[in-house]
Amino acid sequence: MKVFVTGHLGYIGVHLVELLKADGHTVTGCDLGLFEGCEWEPFVRPDTELRKDVLEVTAEDLAGHDCVMHLAAISNDPMGDLDPELTLGVNRDGSIRLAKLAKEAGVSRYLFSGSCSVYGKGDKLDLDESDPLNPLTAYARSKIETEAEVSKLADESFCPAYLRNATAYGFSPMLRIDLVVNNLLGSALSYGEIRIHSDGSPWRPLVHCRDIARAFVAFLNAPREVIFNKAINVGGNDENYQVRDVADVVQRLLPDASISYTGEVGADPRDYRVKFDLLNRLLPDFKLQYSVSSGMEELHSKYVEHGFGAADFEGDQFVRLRKLNQRMDLLRSSS
Ligand SMILES: NC(=O)c1ccc[n+]([C@@H]2O[C@H](COP(=O)([O-])OP(=O)(O)OC[C@H]3O[C@@H](n4cnc5c(N)ncnc54)[C@H](O)[C@@H]3O)[C@@H](O)[C@H]2O)c1
């Protein structure tokens, strides 16, 4: 099949291109290159590469593809809060525009990279797709409003689906350390200290970035009626963790590291535990390949291999927010 992947130079996107190519698909990648120069390891390139803002993609760019996988975004809550208007412009308006163009160009499937962030601070734990959404940030709002608008386009010719991904972690050639697992392991290696910014109690559903990419492939291969216009949580029921549990997994790998609580909890009230029964029911053959503990072991070996230390932890290369702060002008000028 011919697949159009946006955000193909990102943390998840580089895994996705590799998996699609390995399955024999022809891949077009489209990315603005916000994190150019941040690569940690070489990665597989798509067949065709567009260095382009998703807001400038045309129906001609999309024509002839069987599926659009839309990952390009200002990709987390704190980054979204840097400039909420820009976040809504790229993440929501850009995603809706892309879906309309895809439909117009005759692309039959549109897979949207959503997020479990839409659950925000739940009234109860164990939230599923039927529970009320509680967006706490512009990022989460952008994901919800995209789902709502794109769903209006669904018909016999156009099958959208929304992957509500858990928080990613783990090794990628385009590493990010602004994600809880990667961050706690990175701080333990760099300083011998696992620095938790809350009191350690908030719940998070976690999923390896490569498993998110594998889920996209599973959604590509799924019969259309199975996923048609559905929002589906992507992760595993056994992969919900309190932040302090993640710290314990780090400490099992690095027993000399101490745990410290900085208690800045007010800054990030997100707290949600999520159920993945719908995914298990609709795509029973899809199984996660990683748990936090196996993914962390893999990342730990990579950190050691690369000699990861304080300079990496404090630098710009692996922290999206720091890099984005430098690149905001690029985004603003193209939006
Ligand atoms: N990483 C996670 O924990 C996580 C969890 C749930 C959902 N998601 C979603 O998955 C997607 C990918 O996340 P990621 O972690 O790979 O993010 P990332 O920041 O590593 O990659 C995003 C990519 O999109 C590109 N991009 C941003 N704005 C663009 C624009 N206007 N036009 C073209 N390209 C643009 C960037 O250059 C970057 O390469 C995002 O939609 C994100 O919201 C991520």
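Residues numbered from 1 in each chain as written. Predicted model: local features only at pLDDT ≥ 70, side-chain atom pairs only at ≥ 80, totals over all residues. Heavy atoms only, no water.

**A closer look at the overall build of the chain**
Helix and strand counts for the chain stand at 13 helices and 12 strands. Taken over C-alpha atoms, the radius of gyration comes to 19 Å for the chain, in line with the 20 Å a tight globule of 335 residues would show. On the principal axes, the C-alpha backbone points of the chain span a range of 55 × 40 × 40 Å. Buried positions account for 58% of the 335 residues belonging to the chain. Put simply, 82% of the contacts in the chain that link residues at least 6 apart link residues at least 24 apart. If you sum the accessible surface of the chain, you get close to 13,000 Å²; carbon and sulfur atoms cover 49% of it. A distance of 3 Å separates the average location of the 36 positive side-chain charges in the chain from that of its 51 negative side-chain charges. (Helix = DSSP H or I, 4+ residues; strand = E, 2+ residues; numbered from the N terminus. Rg over C-alpha atoms; globule rule 2.2 N^0.38 Å. Buried < 20%, exposed > 50% of the residue type's maximum accessible area, 1.4 Å probe, protein only. Contact = heavy atoms within 4.5 Å. Areas by Shrake-Rupley, 256 points an atom, 1.4 Å probe, with all protein chains shown as cover. Lys, Arg positive; Asp, Glu negative; His and termini not counted. Charge placed at Lys NZ, Arg CZ, Asp CG, Glu CD.)

**Thoughts on the sheet that holds strand β11 (residues 240–242)**
Strand order in the open sheet formed by three strands is β7-β9-β11, and the pairing between neighbours is mixed. At either end of the open sheet lies a strand with only one pairing partner, and these are β7 (167–169) and β11. When strand polarity is set aside, the average angle formed by the axes of neighbouring strands in this sheet is 50°. As paired strands, strand β9 (residues 203–208) and β11 are joined by three bridges and run antiparallel to one another. Note on β11: the bridge partner recorded for P205 is N240. Strands in contact with helix α9 (residues 243–253) are β9 and β11; relative to β11, the strand with the most contacts, it is inclined by about 90°. (Pairing = 2+ DSSP bridges. Axes fitted to C-alpha atoms, helices over the stretch in contact; angles between N-to-C directions.)

**Quick notes on the environment of E41**
Turning to its location among the elements, E41 is positioned in the loop between β2 (26–31) and β3 (48–51). For the pair E41 and M174, spaced 133 residues apart in sequence, the C-alpha separation works out to 7.1 Å. Residues in contact with E41, not counting those within four places in the same chain, are F171, P173, K302, E305 and H306. Among the polar contacts listed, one links the side chain of E41 to the side chain of H306, at a separation of 2.8 Å. (Polar contact = N/O pair within 3.5 Å; in protein donor to acceptor, adjacent residues only side chain to side chain.)

**Some points on helix α7 (residues 209–221)**
Here α7 is 13 residues long and its end C-alpha atoms lie 19 Å apart, about the 18 Å a rise of 1.5 Å per residue gives. Listed as buried for α7 are C209, R210, D211, I212, A213, R214, A215, F216, V217, A218, F219 and L220. (Expected span 1.5 Å × (residues − 1).)

**Here's the deal with the nonpolar core**
Counting residues in each nonpolar core, the largest one holds 75 residues, and the members touching the most others are L16, L20, M69, L111, F219 and I227. The dominant element in this core, judged by the number of residues it contributes, is α7, at nine residues. Leave out the neighbours within four places in its chain, and L111 touches C67, V68, M69, H70, A161, L163, F216, F219, L220 and I227. (Core = buried A, V, L, I, M, F, W, Y, C linked by side-chain atoms within 4.5 Å.)

**Details of the pattern of salt bridges**
A complete count under the given rule lists 18 salt bridges for this structure. With a closest N to O distance of 3.2 Å, K124 and D131 form a salt bridge. Given the relative accessible area of 42%, K124 is considered partly exposed. The class for D131 is buried, based on a relative accessible area of 13%. Between D211 and R214 there is a salt bridge, with the nearest N and O atoms lying 2.6 Å from each other. Of this pair, D211 and R214 both sit in helix α7, separated by three residues, roughly a single helical turn. Each of R92, D93, R141 and E145 takes part in salt bridges that share partners, so that together they form one network. (Salt bridge = Lys/Arg side-chain N within 4 Å of Asp/Glu carboxyl O.)

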